[in-house]
Amino acid sequence: MLLSAQTVVTGKVTESATGTPIPFANVIFTGTQDGAITDFEGNFTAKTNAPVDSIEVRYIGFIKRIKPVMRGSSQTINFQLDEDVQTLGEVVVYAGENPAWPIMRKVIEHKKANDKRSLSAYDYESYTKVEFDVDNISDFIQKWKLVKKVQGVLDSIQTIAGEDGKPVLPIFLSEAISRYYYRTDPTLKKENIIKTKVSGVGITDGTLTSQVIGSTFQEYNFYQNWLNIITKEFVSPIADGWKLYYEVYLEDSLYIGDDYCYRIDFYPKREQDLAFTGTMWITQKEHALRRIDATVPREVNLNYIEKIKIQQDLTPTSAGPWLPEKTRVVVDVSQITKQTAGMLAKFYVSTKDHHVNNPMPNDFYLNPVTMEESVRDFDEEYWDEMRHDSLSSTEQNVFMMIDTLKKIPAVKTYMDMAKFLVTGYYKIGAIDLGPYPTFFGKNNIEGVRIGFGARTNIDFSRKWTFGGYLGYGFQDEKYKYKLFVDRIIDRQPWTNIKAEYQQELEQVWLLNDQIEPNSLFYSLSRFGTLTQPFLINKYRLSVFRQLSRGLGVTGAYKYESFAPQFDFDYYVDGSTTETASAYEVSEASITLRYAKDEVFVINDNERLSLGTVRWPAFNLDYTYGMSGVLGSDFEYHKLKLGVEKRQKMGILGVTDIRLTGGYIFGEVPYPLLYNTIGNQTNFYVDFAYNLMNYFEFSTDKYLDFRYRHQFEGFILNTIPLMKKLKWRLIGSANVLYGGLDQKNIDMVQYPQDENGDDILPFYQLDSRPYVELGYGVENILKIFSIEAFHRLTYLDHQDVSKFGLKFSIKVIL
């Protein structure tokens, strides 16, 4: 009897569309029981002594592939599998209890014991790799002049894609080594970025990039009932209420390493719910999640997302709970139209050197993300030693391809222009030109206004920022300008001091501090007829200090002089006859903000908030107006307290709540009071009262309540036509309660009617609150929303609307 020589096949199994490795796929020599199973990286080595001529790969959700082999030799064969959507979600009916259900009950029973949040603390070394690629490049785009200039690069991307893969154009690839720390009680997190390596088209290895490519933003814990992914809440397949959302099936049992596991496939009960399709492996002994391959399918109510895939391997700790060992996430962004291109975002995190139950002091977690001073100083030998996994030949080619793209002048120019549109600034060396809202305006006071602005950036200094703008109105023939200098005293904890001087044309109702001076709403308000305009000269000195995690304090002194450009006179020093038009104020203020889990990152010389995770944010402001200081005309006290909360409610959607109360002590004219922000445009503005006229109310005491709920796909997903359109309901309520003391009304000399009664430029709130309710639909054609508002009170005011439609354009997922 003759024995056949052994046939050995080594290779890798990946998705053809994204290049993502497919772990745990079955690789079998056709007609035999011999084969192998791919590891987390999709690699395999299969051997057989049988006389074979082909080898095949199978995995749930993908079309089987068969390739010929050379019998009796060693060879490398790679597979790229195409997705088979027809195989997903088949319903199986059991005569008795579904055999997967007892296992799932055990998983829920042991969740606390296996969840890493049961540890008092843990930390580990993390290696993170991030890649962005452009895919599905249409023939229309390939004809663009810019694309033709990179044709040499396009010709080489098929080589990277492989024999059966779809070509993609890499535009960003990064690596990071960091140490990640977590403490349970209280819940505190910190990541110290040790080294980063970034190569990207139009993206520099700046401080912001170095922070966001770490593992902090790639945390996925399926033991949580809900996972936050790209701002949406997805229900976990092992959530406490999994049976409400998922169908589960026991498909197999097998060993993964030394762990004997049950393989359970899961599918969402309703295809448009924010849920996953995939496979998980549950250990027989601990009933712990050993491995999961979860996909968000295209049917889910998401915009611009073709697919999201999360693959994770977990490892037990010495204390029992399991920590993620390897995590891979792929986000496939679809083409907006057939004439555009799509994008792939790939994230990979590997962890090792795990330590548990050794919490650091609370002060250690003061800054959630920190960087070593030498974070961007490295050589290739460092990465060869510190990478948890070596770069594949494909990834090495990606680095070289991106370096080639960056050297093409046309590419750099287009990327710089794109950043200018997004940030408002155009970088030229150590100077940023902008923001562009300062460049042009037109109104009844200034006529046509042109301007120019600039600031220094981190290339100029890591501690100092100088900036400002200059504008000129051709009708009033006056210059307006602003100059500022910002000095960073310390980055940990963040401490800075800022001095600024400004001469500008403003409007009374725009003095409200809810409006950002560079916002689109502020810029549009500068066009047309200005409401109660005045010239302002302002000096301001402010100091900010982060006192502890979540707590920051700002102290400021401000001097302002006001020169009204409208009919305005106030009574001087309580006189009933002597009046003045211009006035001056000197203010000292202190602002406290406490947000327990607010996350900040440093963007070069700026500190940016990424918002809170689950706790509300509290704001306390106190201002003292000092009479007689530098010619100040009034003495007063202003007190304001606010709380804001974003509440994620799972399948029910997301709620935003804001409650603010304020009181002004002293006698001051109405420009120094709380003047409400109305909205007489056709567009929805979140911080304005959308059926209130500009400067309709003035108050010295107020309570402001804002409520807005986005239902996501809840309710409309149950209606067939709406489900197909992916429309989403929204609802809101805005309430203002307050009042105005007569002494503040009497501070101003008003024009009078024929009966000798004062004609006030504003209304007063009485015992009734101002109330408006809104409801509507968003996600119309993925970007439009229409909201109907009803005004319920103060309907007798002149020229007010009881009902109105407001439109908005917003890119939402």
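Look above for the structure.
By convention here, each chain's residues receive numbers from 1 onward along its written sequence. For a predicted model such as this one, the threshold for reporting local features is a pLDDT of at least 70, and the threshold for listing and counting side-chain atom pairs is 80 or more; totals across whole chains, interfaces and linings nevertheless cover every residue. Hydrogen atoms and water are omitted, and side-chain values are computed over all heavy atoms in the structure.

A. Fine view of the overall build of the protein chain. Looking only at helices and strands, one finds 13 helices and 46 strands in the protein chain. In the protein chain, which comprises 813 residues, the share counted as buried stands at 51%. Working rule for contacts: check all heavy atoms of both residues, and any pair within 4.5 Å makes them a contact. Sequence separation of 24 or more characterises 62% of the internal contacts of the protein chain that already satisfy a separation of 6 or more. The protein chains shown are the only cover counted for residues, whose accessible areas, like all others here, come from Shrake-Rupley with a 1.4 Å probe. Of the roughly 38000 Å² that the protein chain leaves accessible, carbon and sulfur atoms contribute 56%. The secondary structure listing takes helices from DSSP runs of H or I that are at least 4 residues long and strands from runs of E that are at least 2 residues long, numbered from the N terminus. Only protein chains enter the accessibility calculation, which uses a 1.4 Å probe; a residue is then buried when its area is under 20% of its type maximum, exposed when over 50%, and partly exposed in between.

B. The pairing of strand E38 (residues 654-666), seen in detail. Two strands make a pair as long as DSSP finds a minimum of two bridges between them. With 13 bridges connecting them, strand E37 (residues 636-648) and E38 associate as antiparallel partners. Looking at the pairing, Lys645 lines up with Ile657 of E38. Following E37, the chain reverses through 5 residues before pairing antiparallel with E38; Gly650 in that reversal takes a positive phi of roughly 60 degrees.

C. A look at the side chain of Asp273. With respect to the element layout, Asp273 can be found in the loop between strand E15 (259-268) and strand E16 (277-283). Two N or O atoms form a polar contact when they lie within 3.5 Å of each other; inside protein one atom must be a possible hydrogen donor and the other a possible acceptor, and for residues adjacent in sequence the pair counts only when both atoms belong to side chains. Among the polar contacts listed, one links the side chain of Asp273 to the side chain of Arg270, at a separation of 2.7 Å. For Asp273, the contacting residues outside a window of four places in its chain are Tyr245, Val300, Ile651 and Asn717.

D. A look at the packing of aromatic side chains. Only rings of Phe, Tyr and Trp enter the pairing, Trp through its six-membered ring, and a pair is recorded when the two centres are within 6.5 Å. The plane angle decides the type: under 30 degrees is stacked, over 60 is edge-to-face, the rest tilted. Within this structure, the stated rule accounts for 42 aromatic pairs. Residues Tyr663 and Phe665 carry aromatic rings whose centres are separated by 4.5 Å and whose planes lie at 35 degrees to one another, so their mutual orientation is tilted. Using a relative accessible area of 34% as the deciding quantity, one classes Tyr663 as partly exposed. One aromatic cluster is present, built from ring pairs that chain together Phe534, Phe562, Phe566, Phe568, Tyr570, Tyr583, Phe634, Tyr670, Phe695 and Phe762. In this structure, Lys243 is placed above the aromatic ring of Trp101, and the distance from its NZ or CZ to the ring centre is 4.1 Å. The ring of Phe484 carries the charged tip of Lys498 above its face, separated from the ring centre by 4.8 Å. Working rule: Lys NZ or Arg CZ, within 6 Å of ring centre, within 35 degrees of ring normal, means a charge sits over the ring.

E. Region of the structure containing the nonpolar core. What makes a nonpolar core is a set of buried Ala, Val, Leu, Ile, Met, Phe, Trp, Tyr and Cys residues whose side-chain atoms join them at distances within 4.5 Å. With 44 residues, the main nonpolar core has Phe222, Phe234, Phe276, Met280 and Leu289 as its most contacted residues. Excluding its chain neighbours within four sequence positions, the residues that come into contact with Met280 are Met104, Pro237, Ile238, Tyr262, Arg263, Ile264, Phe266, Leu289, Arg291 and Ile292. Of all hydrophobic cores here, the second largest spans 24 residues; its members include Val572, Leu673, Met747 and Val748.

F. Molecular detail of the environment of Ile458. Examined against the element boundaries, Ile458 turns out to sit in the loop between strand E25 (447-456) and strand E26 (464-473). According to the relative accessible area criterion, Ile458 is buried, its value standing at 17%. Residues Ile458 and Asp604 lie 146 residues apart in sequence; the distance between their C-alpha atoms is 5.8 Å.

G. Main features of the sheet that holds strand E43 (residues 748-749). The strand order across the open sheet formed by 3 strands is E32-E31-E43, and the pairing between neighbours is antiparallel. Looking at the sheet topology across the chains shown, the edges are occupied by strand E32 (579-580) and E43. In this sheet, E32 lies alongside strand E31 (residues 569-571) in antiparallel orientation, the contact comprising 2 bridges. Across the sheet, the residue bridging to Tyr570 is Ala580, located in E32.

H. Main features of a nonpolar patch on the surface. Nonpolar side chains collect at one region of the surface, where Leu547, Ile590, Leu592, Leu620, Tyr622, Leu639, Leu641, Tyr663 and Phe665 lie side by side and expose about 760 Å² of accessible area between them. Of all elements in the fold, only strand E33 (583-595), strand E36 (617-625), E37 and E38 reach the threshold of two or more residues within the nonpolar patch. With respect to the helices and strands, Leu592 occurs in strand E33. A residue is classified by how much of its surface remains accessible, and Leu592, at 33% relative accessible area, is partly exposed. Two joining distances apply to patches: 9 Å for like charges and 5 Å for nonpolar side chains (Val, Leu, Ile, Met, Phe, Trp, Tyr), and every residue must have over 30% relative accessible area and no salt bridge. Between Lys or Arg on one side and Asp or Glu on the other, a salt bridge is scored when a side-chain nitrogen of the former is within 4 Å of a carboxyl oxygen of the latter.

I. Representation of a negative patch on the surface. A surface patch of like charges, here negative, comprises Glu667, Asp746, Asp753, Glu754, Asp757 and Asp758. Looking at the element boundaries, Asp753 is found in the loop between E43 and strand E44 (770-780). Note on Asp753: relative accessible area 32%, which makes it partly exposed. In this charge count, Lys and Arg are treated as positive and Asp and Glu as negative; neither His nor the chain ends contribute. Here the site of a charge means atom NZ of a Lys, CZ of an Arg, CG of an Asp or CD of a Glu.

J. How the structure looks around the sheet that holds strand E9 (residues 121-135). Read from one edge of the open sheet, 11 strands run E14-E15-E16-E17-E18-E19-E20-E9-E10-E11-E21, paired in mixed fashion. Across the chains shown, the open sheet's two edge strands, defined by having one partner strand only, are strand E14 (246-256) and strand E21 (369-371). For this sheet the average axis-to-axis angle between neighbouring strands, irrespective of direction, equals 20 degrees. Where strand E11 (residues 188-200) and E21 come together, 3 bridges link them in parallel fashion. Opposite Glu191, over in E21, you have Val369 as the bridge partner. Only C-alpha atoms enter the line fits that serve as axes; for helices the fit covers just the stretch in contact. Angles between N-to-C directions range over 0 to 180 degrees. Packed on one face of the sheet, helix H1 (residues 100-109) meets E14, E15 and E16 and runs near 80 degrees to E14.

K. Fine view of the pattern of salt bridges. A complete count under the given rule lists 46 salt bridges for this structure. One salt bridge in this structure joins Arg270 and Asp273, with 2.7 Å as the shortest N-O distance. Assessed through its relative accessible area of 9%, Asp273 is described here as buried. A salt bridge links Arg791 to Glu696; the shortest N-O distance between them is 2.5 Å. With Arg791 in strand E45 (residues 784-791) and Glu696 in the loop between strand E39 (674-675) and strand E40 (698-699), the pair connects residues that are 95 residues apart, well separated along the chain.

L. Local environment of the pairing of strand E13 (residues 232-235). Neither face of E13 is left uncovered, since the one carrying Lys232 and Phe234 and the one carrying Glu233 and Val235 both have all their residues buried. With 4 bridges connecting them, strand E12 (residues 226-229) and E13 associate as antiparallel partners. Note on E13: the bridge partner recorded for Trp226 is Val235. Counted along the chain from E12 to the antiparallel partner E13, the turn is 2 residues long, and its residue Ile230 has a positive phi close to 45 degrees.

M. Structural context of the side chain of Thr351. Residue position: Thr351 is located in strand E20 (residues 342-356). Take Thr351: its relative accessible area is 6%, and that puts it in the buried class. Filtering out sequence-adjacent residues up to four positions away, Thr351 remains in contact with Tyr124, Glu125, Pro324, Glu325 and His388.

N. Region of interest: H1. Looking only at H1, the buried set comprises Ala100, Ile103, Met104 and Val107. Angular distribution of buried residues about the axis of H1 spans 100 degrees; they occupy a single face of the element. Against helix H2 (111-114), helix H7 (242-245), E14, E15 and E16 lie the buried residues of H1. Taken from the helix axis, the directions to the C-beta atoms give the arc we talk about.

As far as function goes, none of this settles anything; it's purely spatial.
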